[in-house]
Amino acid sequence: MKVNHISYRSIWVKPGNGRTLQIIDQRYLPHRFVIQDLRKVKDVYVAIKDMHVRGAPLIGATAAYGMYLAARENLDTLEKSAKLLKSARPTAVNLEWAVTRQLEAIRKGKSSKEKIQIVFETANQIANEDVQICKKIGGHGLSLIRQIVKHKKGKPVNILTHCNAGWLATVDWGTALAPIYRAHDAGIAVHVWVDETRPRNQGASLTAWELGQHGVPHTVVADNAGGHLMRRGEVDLCITGTDRTTSGGDVANKIGTYLKALAAQDNGVPFYVALPSPSIDWTIEDGAAIPIEARDPREVTHIAGQAEDGRVVEVRLTPVDSPAANYAFDVTPARLVTALITERGVCPATPDGLLALFPERRTRGAA
């Protein structure tokens, strides 16, 4: 994807410096485009925990590269570094998946040099695989959009999304936004309703910025406007991402997703969830078992924005003495999901639907 017409991924190894990772620090968007250097595994831990990077696929890729930095620091403490990285955020399953994959890969190495090389190559593989997975998700989602185009009589397809599941949440392309980018690039008229996504406003700040950079028509709306738009017939389909999907088809995504799914069902609007297979947790079937991250209440009580003079300032929204709770995710039950969009195709949000696309899981079990 591109920023000011220059191609970027969301994470990369600094050119000419194999000891340094570079990321787009998403805390400063949309007002400033900041590239941050990560040199130590602790830097990676902080970047994930404090949401310099976010989105399940990108968290996984970042953790994979974090294991590479950890290996360069000290191979003897790699297990300790792995435990640190896994603790950064609890809900996105990609984090644990990527770290575990690195630990399994490094066992194949004999010398220290060989182990470090294996970890580096595995991190690159995870990042490159994510790009290809998201591109395929985009293709399968494009087919769904094309079906709706037939009934629009030349009018734009209106898509509602929630949070940010674009290229900033992955290594490139995105999950929920990948079909939208593919449709736009194919010349299909699309328009995106962008939920602001309180409390961190990833929709208003990140999704809107991404779509603007790519030239996709969009409108930012308050989180509570989704049901109103659906009832008026102004939403043709919803597409969201997910941080963890159970083997039964329940999905955990940014807080507020469940309410959108309820409104979609009540109004007969298709509700799709786009997900890469590494975000499927085959060990659990019921979404009630998904750990839900509780973040700093300050994200609810305060908000940052750009002042008229260009300064980015933070202000308090609530009374000083009012407590706040900050649940980062909710679970949308499979019965509210029209279908899941994966890199292998589209399937019902059911155990049989998922296993039809991933038959190897029938014999491997919850591996």
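The following paragraphs examine the structure supplied in this document. Just so it is clear, the model here is predicted, and its values are computed rather than measured.

**What about the overall build of the protein?**
Step number 1: Each helix and strand in the protein was counted, giving 12 helices and 18 strands.
Step number 2: Relative to the globule expectation of 21 Å for 367 residues, the C-alpha radius of gyration of the protein, 20 Å, shows essentially globular dimensions.
Step number 3: For the protein, the C-alpha atoms occupy an extent of roughly 65 × 60 × 45 Å along the three principal directions.
Step number 4: Within the protein, buried positions represent 55% of all 367 residues.
Step number 5: Long-range contacts, defined here as pairs at least 24 residues apart, represent 72% of the contacts in the protein between residues at least 6 apart.
Step number 6: For the protein, the accessible area works out to roughly 16100 Å², and carbon and sulfur atoms hold 49% of it.
Step number 7: If you average the places of the 46 positive and of the 38 negative side-chain charges in the protein, the two averages end up 4 Å apart.

**Observations concerning the environment of Arg200**
Step number 1: One can find Arg200 in the loop between strand 7 (190–195) and helix 7 (202–214).
Step number 2: Considering only alpha carbons, one finds Arg200 and Lys150, 50 residues apart in sequence, at a separation of 36 Å.
Step number 3: Excluding anything up to four places from it in sequence, Arg200 contacts Asp50, Met51, Ser205, Arg295 and Glu299.
Step number 4: A polar contact of 2.7 Å, which involves the side chain of Arg200, links it to the side chain of Glu299.

**With respect to the side chain of Gln22**
Step number 1: By the secondary structure assignment, Gln22 is in strand 4 (residues 21–24).
Step number 2: Side chain to side chain, Gln22 and Asp37 meet in a polar contact 2.9 Å long.

**A short note on the sheet that holds strand 3 (residues 11–13)**
Step number 1: Strand order in this open sheet of three strands is 3-4-5, and the pairing throughout is antiparallel. Each end of this open sheet is capped by a strand with a single partner; those strands are strand 3 and strand 5 (35–38). The sheet shows a mean angle of 25° between the axes of neighbouring strands, taken without regard to direction.
Step number 2: As paired strands, strand 4 and strand 5 are joined by four bridges and run antiparallel to one another. In the strand pairing of strand 5, Ile23 is matched with Gln36.
Step number 3: Sheet strands in contact with helix 2 (residues 56–73) are strand 3, strand 4 and strand 5, and its direction is about 20° off that of strand 3.

**Re the pairing of strand 14 (residues 302–306)**
Step number 1: By the bridge criterion, five bridges tie strand 14 to strand 15 (residues 312–316) in an arrangement that is antiparallel. Within strand 15, the residue paired with His302 across the bridge is Arg316.
Step number 2: The turn linking strand 14 back onto strand 15 is made up of five residues, and Gly310 within it adopts a positive phi angle of 95°.

**Notes on the pattern of salt bridges**
Side chains that differ in sign of charge can pair as their charged atoms come close.
Step number 1: For the coordinates displayed, the defined rule picks out 15 salt bridges.
Step number 2: Residue Asp195 pairs with Lys260 through a salt bridge whose shortest N-O separation is 3.2 Å. Within this pair, whereas Asp195 is found in strand 7, its partner Lys260 is found in helix 9 (residues 257–266), the two being separated by 65 residues in sequence.
Step number 3: Given a relative accessible area of 0%, Asp195 falls into the buried group.

**Regarding the packing of aromatic side chains**
For any two aromatic rings, the description comes down to two numbers: the centre-to-centre distance and the angle of the planes.
Step number 1: By the definition in use, this model includes six aromatic pairs.
Step number 2: Measuring from ring centre to ring centre gives 4.8 Å for Tyr68 and Phe120, while their planes differ by 45°; the resulting arrangement is tilted. Within this pair, whereas Tyr68 is found in helix 2, its partner Phe120 is found in helix 5 (residues 112–149), the two being separated by 52 residues in sequence.
Step number 3: For Tyr68, a relative accessible area of 4% corresponds to the buried category.

**Points about the nonpolar core**
Step number 1: The biggest cluster of nonpolar side chains holds 77 residues, and the ones touching the most others in it are Trp167 and Val190.
Step number 2: If sequence neighbours within four positions are ignored, Val190 has contacts with Ile145, Pro156, Val157, Ile159, Ile180, Ala183, His184, Val216 and Pro217.
Step number 3: One finds Cys238, Val251, Phe271 and Leu340 within the second-largest nonpolar core, a separate group that totals 28 residues.

**Some words on the packing of helix 3 (residues 78–86) against helix 4 (residues 93–106)**
Step number 1: Look at helix 3 against helix 4: their axes get within 9 Å of each other, and the N-to-C directions meet at 165°. The angle between helix 3 and helix 4 places the two elements in the roughly antiparallel class. Between helix 3 and helix 4 lies a crossing of right-handed hand. Touching Leu78, Glu79, Ala82, Leu85 and Lys86 of helix 3 are Leu95, Glu96, Val99, Thr100, Leu103 and Ile106, all from helix 4.

**Regarding the pairing of strand 9 (residues 237–240)**
Step number 1: The side-chain alternation of strand 9 yields two buried faces, one formed by Leu237 and Ile239 and the other by Cys238 and Thr240.
Step number 2: As paired elements, strand 6 (residues 157–161) and strand 9 share two bridges and run parallel to each other. When the sheet's bridge partners are listed, Ile159 is paired in strand 9 with Leu237.
Step number 3: As paired elements, strand 9 and strand 12 (residues 271–274) share three bridges and run parallel to each other. Following the sheet pairing, Cys238 is matched in strand 12 by Phe271.

**Some remarks on the environment of Ile23**
Step number 1: Following the sequence through the fold, Ile23 ends up in strand 4.
Step number 2: For Ile23, a relative accessible area of 0% puts it in the buried group.
Step number 3: For the pair Ile23 and Ile116, spaced 93 residues apart in the sequence, the C-alpha separation amounts to 21 Å.

Rules behind the numbers
Residues numbered from 1 in each chain as written. Predicted model: local features only at pLDDT ≥ 70, side-chain atom pairs only at ≥ 80, totals over all residues. Heavy atoms only, no water. Helix = DSSP H or I, 4+ residues; strand = E, 2+ residues; numbered from the N terminus. Rg over C-alpha atoms; globule rule 2.2 N^0.38 Å. Buried < 20%, exposed > 50% of the residue type's maximum accessible area, 1.4 Å probe, protein only. Contact = heavy atoms within 4.5 Å. Areas by Shrake-Rupley, 256 points an atom, 1.4 Å probe, with all protein chains shown as cover. Lys, Arg positive; Asp, Glu negative; His and termini not counted. Charge placed at Lys NZ, Arg CZ, Asp CG, Glu CD. Polar contact = N/O pair within 3.5 Å; in protein donor to acceptor, adjacent residues only side chain to side chain. Pairing = 2+ DSSP bridges. Axes fitted to C-alpha atoms, helices over the stretch in contact; angles between N-to-C directions. Salt bridge = Lys/Arg side-chain N within 4 Å of Asp/Glu carboxyl O. Phe/Tyr/Trp six-rings, centres within 6.5 Å; stacked < 30°, edge-to-face > 60°. Core = buried A, V, L, I, M, F, W, Y, C linked by side-chain atoms within 4.5 Å. Parallel < 35°, antiparallel > 145°, perpendicular 65-115°, else oblique. Left-handed = near helix turned anticlockwise from the far one by under 90°.

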